[in-house]
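# Residue-level structure breakdown
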Amino acid sequence: MPFFLLWGFFIWLAASAVFRLAGQFFFTLEHPLIIMCTYLFVVPVIWTVTIPIYSIKNCTGIRRLQAAIYIALPGMLIDAIVLLYFDKIFTNLSADMDRYFASWLLWAYALIIFTGCAKNPFRLQFKRVY
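From a predicted model like this one, the values you see are computed outputs, not experimental measurements. Positions within a chain are numbered from 1, following the residues in the order the chain's sequence is written. Given that the model is predicted, a residue must reach a pLDDT of at least 70 before its local features are reported, and side-chain atom pairs must reach 80 or more before they are shown or counted; all residues, however, enter totals for whole chains, interfaces and linings. Excluded from the side-chain calculation are hydrogens and water; included are all heavy atoms of the structure.

The next point concerns the nonpolar core. Grouped together as the largest cluster of nonpolar side chains are 29 residues, with contacts concentrated most on F4, F27, Y54, F90, F101 and W104. Helix and strand definitions here come from DSSP, where helices need a minimum of 4 consecutive H or I residues and strands a minimum of 2 consecutive E residues; each element is numbered from the N-terminal end. Among the elements of the structure, α1 (2–26), α2 (32–56), α3 (61–82) and α5 (98–117) are those that each provide at least two residues to this core. Every residue pair with non-hydrogen atoms within 4.5 Å of one another is taken to be in contact. When sequence neighbours within four positions are dropped, the list of residues in contact with F4 reads I53, Y54, K57, C59, A67, Y70 and I71. Within this scheme, the nonpolar core is defined by two criteria: the residues are buried Ala, Val, Leu, Ile, Met, Phe, Trp, Tyr or Cys, and they are joined through side-chain atoms within 4.5 Å. For the exposure calls, accessible area comes from a 1.4 Å probe over protein chains only, and a residue counts as buried if that area is under 20% of its type's maximum, exposed if over 50%, partly exposed in between.

This is how it looks when you write it as structure tokens:
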């Protein structure tokens, strides 16, 4: 399961970098439609970064749920601290956006956990060539 912890950390790092560098385009009170699109856009992104990994690592049943928890855990723990210093870390976002950002994080982590609970609609098959 260390792979999934590391995978979760890299997902957190990539998402944090995107919002640190371009978050002002995604979270702006002047354009609520863009905020809604940000909430919707994360659904296929989470699906893309989790479901294929479960298949590649042959995670099924309870192991898949454990993998989803391990993917979500690093980001959740780090973001608990990051949100305390939101205005200092995300200087490109207004301080009023912290609640929207936090709700988006909760939504994204819930989606990750959901992918661990959902049945696998997608199965990669690999054949070994000797």
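In this section: the packing of α3 against α5. Only the contacting stretch of a helix is used when fitting its axis, a line to C-alpha atoms as for every element, and angles between N-to-C directions run 0 to 180 degrees. One way to put it is that α3 packs onto α5 with a least axis distance of 7 Å and a crossing angle of 165°. The orientation of α3 relative to α5 falls into the category roughly antiparallel. Regarding α3 and α5, the two cross each other, and that crossing is left-handed. Where α3 approaches α5, its residues R64, L65, A68, I69, I71, A72, G75, M76 and D79 are matched on the opposing element by L105, Y109, I112, I113, T115, G116 and C117. Throughout this entry, Asp, Glu, Lys and Arg are counted as charged residues, while Ala, Val, Leu, Ile, Met, Phe, Trp, Tyr, Cys and Pro are counted as nonpolar. The remaining residues, Gly among them, count as polar. Looking at the contact of α3 with α5, its residues break down into 11 nonpolar, 3 polar and 2 charged. For classification purposes, an angle smaller than 35 degrees is called roughly parallel, one larger than 145 roughly antiparallel, one from 65 to 115 roughly perpendicular, and anything else oblique. Each crossing gets its hand from how the near helix is turned against the far one by less than a right angle, where anticlockwise is left-handed and clockwise is right-handed.

The pLDDT value expresses, per residue, how confident the predictor is, ranging between 0 and 100. Taken residue by residue, the protein chain gives an average pLDDT of 90. The fraction at 70 or more is 92%. Summarising per-element confidence for the protein chain, the mean pLDDT is lowest in helix α4 (residues 86–89) (93) and highest in α3 (96).

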